[in-house]
Amino acid sequence: MNLFRYIPLFIALCLLSCNHIANKTKKGLNKGGEMVGETATEFFDGVSEGVDKTLECKIKLSDSLLNNGLKTGVYNIGKQNHSNNNKLTLYLIFDASFNKEVVAKAYHKSGLEIGRAKATIQGQKGDARYFDFVFNEQTDISFRNTITIE
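Model, not experiment: these values are computed from the prediction.

Cut-off values and rules
Residues numbered from 1 in each chain as written. Predicted model: local features only at pLDDT ≥ 70, side-chain atom pairs only at ≥ 80, totals over all residues. Heavy atoms only, no water. Helix = DSSP H or I, 4+ residues; strand = E, 2+ residues; numbered from the N terminus. Buried < 20%, exposed > 50% of the residue type's maximum accessible area, 1.4 Å probe, protein only. Contact = heavy atoms within 4.5 Å. Areas by Shrake-Rupley, 256 points an atom, 1.4 Å probe, with all protein chains shown as cover. pLDDT = per-residue confidence, 0-100. Pairing = 2+ DSSP bridges. Axes fitted to C-alpha atoms, helices over the stretch in contact; angles between N-to-C directions. Core = buried A, V, L, I, M, F, W, Y, C linked by side-chain atoms within 4.5 Å. Salt bridge = Lys/Arg side-chain N within 4 Å of Asp/Glu carboxyl O. Phe/Tyr/Trp six-rings, centres within 6.5 Å; stacked < 30°, edge-to-face > 60°.

Student: So what exactly am I meant to see when it comes to the overall build of the protein chain here?
Tutor: From N to C terminus, the protein chain includes 2 helices and 7 strands. Start at the N end of the protein chain and walk to the C end: the helices and strands fall as α-β-α-β-β-β-β-β-β. When each of the 150 residues of the protein chain is scored for burial, the buried share is 23%. Restricting the contact set of the protein chain to residue pairs at least 6 apart, pairs at least 24 apart contribute 61%. Counting only carbon and sulfur atoms, one obtains 56% of the accessible surface of the protein chain, whose full area is about 10,700 Å².

Student: Would you explain the confidence of the model for the protein chain in this entry?
Tutor: Predicted coordinates in areas of low pLDDT are best not read in detail. Scored by pLDDT, the protein chain comes out at a mean of 82, with 65% of its residues at no less than 70. No element of the protein chain has a lower mean pLDDT than helix α1 (residues 2-55), at 59, and none a higher one than strand β4 (residues 98-107), at 98. Low pLDDT, under 50, characterises residues 46-54; the stretch is placed with 1 contact to residues that sit more than four places away or in other chains.

Student: Where do I start with the pairing of strand β2 (residues 70-79) in this structure?
Tutor: Residues in a regular strand point their side chains to alternate faces of the sheet. Bridge count between β2 and strand β3 (residues 85-94): 8 bridges; the pairing is antiparallel. By the bridge assignment, Leu-70 is partnered in β3 with Phe-94. Two successive antiparallel strands, β2 and β3, enclose a turn made up of 5 residues, where Asn-81 displays a positive phi of approximately 65°.

Student: Can you help me understand the sheet that holds strand β6 (residues 128-134) in this one?
Tutor: Adjacent strands of a sheet form backbone hydrogen bonds with each other and so pair up, either parallel or antiparallel. Here we have 3 strands laid out as an open sheet, ordered β2-β3-β6, and antiparallel in their pairing. Taken across any chain shown, the strands that pair with only one partner, and hence form the sheet edges, are β2 and β6. Shown here is a sheet whose adjacent strand axes are inclined to one another by a mean of 25°, direction ignored. Examined bridge by bridge, β3 and β6 share 7 bridges and lie antiparallel to one another. Looking at β6, one finds that Lys-87 is bridged to Val-134.

Student: What should I look at first to understand the sheet that holds strand β5 (residues 113-123) in this one?
Tutor: As summarised here, the arrangement of the 4 strands in space is β1-β7-β4-β5, forming an open sheet in which the pairing is mixed. Each edge of the open sheet carries a strand with a single partner, namely β1 (58-61) and β5. The sheet shows a mean angle of 20° between the axes of neighbouring strands, direction not considered.

Student: Is there a simple way to explain the nonpolar core in this structure?
Tutor: As a rule of thumb, nonpolar side chains are buried together in soluble globular proteins. Core analysis: the biggest nonpolar cluster contains 22 residues, and Leu-88, Ile-121, Phe-133, Phe-135, Ile-147 and Ile-149 have the highest contact counts within it. Looking at this core, the elements that each hand over two or more residues are β1, β3, β4, β5, β6 and β7 (146-149).

Student: In this structure, what is going on with the pattern of salt bridges? I would like to understand it.
Tutor: Any two side chains of opposite charge can pair, on the condition that their charged atoms come close. Under the counting rule described, the total for this entry stands at 5 salt bridges. A salt bridge links Lys-87 to Asp-132, with the nearest nitrogen and oxygen atoms 3.7 Å apart. Taken as a pair, Lys-87 in strand β3 and Asp-132 in strand β6 lie far apart in primary sequence, 45 residues in all. The salt bridge involving Arg-129 is made with Asp-127; its shortest N-O contact spans 3.8 Å.

Student: What am I meant to see in unusual backbone geometry here?
Tutor: Leave glycine aside and you will find that most residues have negative phi; peptide bonds, for their part, are mostly trans. A positive phi angle, near 60°, is found at Arg-144, a position not held by glycine. Note on placement: Arg-144 falls in the loop between β6 and β7.

Student: What should I look at first to understand the packing of aromatic side chains in this one?
Tutor: Note on aromatic pairs: each is described by the distance of the centres and the angle between the planes. Throughout the structure, instances matching the rule amount to 2 aromatic pairs. For the ring pair Phe-94 and Phe-131, a centre distance of 6.1 Å and an interplane angle of 70° mean the geometry is edge-to-face. Pair noted here: Phe-94 is in strand β3 and Phe-131 is in strand β6, with a separation of 37 residues, a long-range link. The pair formed by Phe-94 and Phe-131 is uniform in burial state, with each residue classed as buried.

Here is the structure:
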């Protein structure tokens, strides 16, 4: 008879230990999933960054513009009412007052010139803003092109 008193206690202990093992297993799996997720995210961020670096254009200011206090920020290549990417929008930072017409020259990744655009750049020391350079509609600025601003 004493044996029957201990059976419910034994069953309760078994259930509690199974629940404890299940919780530990779940926590372990969650931690493993977290680590896999972080690793995958880092991998895809790296791939994305590599693709971005491969596809981006190179923007170069002439020494004269640099010496006159201009610096570049971000840029965007877009379309101007047709299918070719012929519009450069460039963020310029003024370390000195500046007012001059400049020429943007676009070069294919092979080094051949593919287009030119002019814009009047005007700003006071401490200013910064976007300027558009609209190339001929036949100009198609694509991946790994170089654009010089002179």
